[in-house]
Amino acid sequence: MIYALGDGDLLVGADASSDYPPPAKALPKVGGGLTPSIEKIVALRPTLVVAIAAGLHPNLSRALAAQRIPLLVVRTDRLDDVGQAMMKIIAATGRTLAPLRKLDEAMNEQRRTRLKSPRILFVVWSDPLYIAGRDTFTSDLFDVCGARNAASVSGWPQYSLESLIASPPDLLLYPNRSVSRAQVDELAARAKLTCGVVAVDENVFVRPGPRMAEAAAALNRIVDEWEKGVTPSVSEGPGRRVAR
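Basis of the calculations
- Residues numbered from 1 in each chain as written.
- Predicted model: local features only at pLDDT ≥ 70, side-chain atom pairs only at ≥ 80, totals over all residues.
- Heavy atoms only, no water.
- Phe/Tyr/Trp six-rings, centres within 6.5 Å; stacked < 30°, edge-to-face > 60°.
- Helix = DSSP H or I, 4+ residues; strand = E, 2+ residues; numbered from the N terminus.
- Buried < 20%, exposed > 50% of the residue type's maximum accessible area, 1.4 Å probe, protein only.
- Lys NZ or Arg CZ within 6 Å of the ring centre and 35° of its normal.
- Axes fitted to C-alpha atoms, helices over the stretch in contact; angles between N-to-C directions.
- Parallel < 35°, antiparallel > 145°, perpendicular 65-115°, else oblique.
- Left-handed = near helix turned anticlockwise from the far one by under 90°.
- Contact = heavy atoms within 4.5 Å.
- Nonpolar A, V, L, I, M, F, W, Y, C, P; charged D, E, K, R; others polar.
- Salt bridge = Lys/Arg side-chain N within 4 Å of Asp/Glu carboxyl O.
- Core = buried A, V, L, I, M, F, W, Y, C linked by side-chain atoms within 4.5 Å.
- Pairing = 2+ DSSP bridges.
- Right-handed = clockwise from strand over helix to strand, strands pointing away.

Within this structure, the stated rule accounts for one aromatic pair. Each ring, one from F137 and one from W156, has its centre 5.4 Å from the other, and the planes form 50 degrees; the classification is tilted. In this pair, F137 is assigned in helix α5 (residues 137-144) and W156 in the loop between β5 (148-149) and α6 (161-166), connecting sequence segments 19 residues apart. Assessed through its relative accessible area of 40%, W156 is described here as partly exposed. One Lys or Arg, R211, reaches over the ring of Y20 and ends 3.6 Å from the middle of that ring.

Turning to the packing of α5 against helix α9 (residues 212-227), a few remarks are in order. Packing of α5 against α9 leaves a shortest axis separation of 10 Å and a crossing angle of 55 degrees. Relative to α9, the element α5 lies oblique. The element α5 and its partner α9 pack so that their crossing is right-handed. Touching F137, L141 and F142 of α5 are M212, A215, A216 and L219, all from α9. The residue inventory of the contact of α5 with α9, partitioned by class, reads seven nonpolar, no polar and no charged.

Let us look at the pattern of salt bridges. For the structure on display, the rule yields seven salt bridges. Between R75 and D77 there is a salt bridge, and its shortest N-O distance comes to 2.8 Å. The partly exposed category is assigned to D77, whose relative accessible area is 30%. Each of the salt bridges in this network shares a partner with another, and the network as a whole consists of R78, D135 and D140.

The biggest cluster of nonpolar side chains holds 26 residues, and the ones touching the most others in it are I120, L173, F205 and L219. Elements that contribute at least two residues to this core include exactly β3 (119-126), α5, β6 (171-175), β7 (196-200), α8 (202-205) and α9. Per element, the largest residue contribution to this core is nine residues, and it comes from α9. When neighbours within four sequence positions are excluded, L173 is seen to be in contact with I120, L121, F122, V123, F142, V198, V200, L219 and I222. Membership of the second largest hydrophobic core comes to 19 residues, among which are L129, L164, V179 and V197.

What follows concerns the pairing of β3. In terms of residue burial, β3 counts as a mostly covered element, since six of its eight residues are buried. In this structure, β3 lies alongside β6, joined through three bridges in parallel fashion. Residue pairing for β6: L121 is matched across the bridge by L172. Bridge analysis of β3 against strand β4 (residues 129-131) gives three bridges, and the strand direction is antiparallel. Residue pairing across strands places W125 opposite Y130, the latter belonging to β4. The hairpin formed by β3 and β4 contains two residues between the paired strands.

This part covers the environment of V30. As for its position among the elements, V30 is in the segment before α1 (38-43). On the basis of relative accessibility, which here comes to 11%, the residue V30 falls in the buried class. With 23 residues separating them along the chain, V30 and D7 place their C-alpha atoms 19 Å apart. Not counting the four nearest positions on each side in its chain, V30 is found in contact with A14, D15, P36, S37, K40, I41 and L44.

Turning to the pairing of β7, a few remarks are in order. With respect to burial, β7 is a largely interior element, five of its five residues being buried. Side-chain alternation along β7 places G196, V198 and V200 on one buried face and V197 and A199 on a second face that is also buried. Sheet topology places β6 next to β7; five bridges connect them, and they run parallel. From the neighbouring strand, P175 faces β7, where its bridge partner is V200. With helix α7 (residues 181-191) bridging β6 and its parallel neighbour β7, the resulting β-α-β unit is right-handed.

That is the geometry; function is a separate question.
Spelled out as structure tokens, the structure:
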């Protein structure tokens, strides 16, 4: 989000998972997002620390306060939260709103209303089965693209095989780094699914931020194929879809 706002020059460090855009890889790392190192943060002498509310370490606020380092906590649980989070960052840095307006326009260009709305299930983990339920940024993304969440539960819950069998999706998506095609094929076989199965770029679909517009564009392409009667699938990695 900070790079997208043109504030990359302000960054002095990041968590270990921050690898996009490429300059982020060169930043000093301060540990995992859920378990940051206070010592490493302090050593970088930041004038502001930005953290995501989901999974925020309970001691971070107190530890930074003891060092008199301001902490800005932003939420990205829902799609609309992303823009609000970026607004808070803009307010803290005093930079321009122009990049945020461009991102809003990019997302609006991806909004679709479809005559036939596919039911999509996003598998976060295959065994045990965890999914993206409703009231999440992923489910909001489905809404933007004119699709529906095949799950009726909310959040990121463990999902039973019985529930999957009782309410099979039209399309099943899975992140291409955390879940393998073999794992998804095994899950589909156990649930006797006949739906389209598509691997998506994990860093784009699973990280709520400015690339949600890119995720929406990719999802629209997948659903467009489904509407044409093509069962989308991926043999190896993202972007390689073949009829199944």
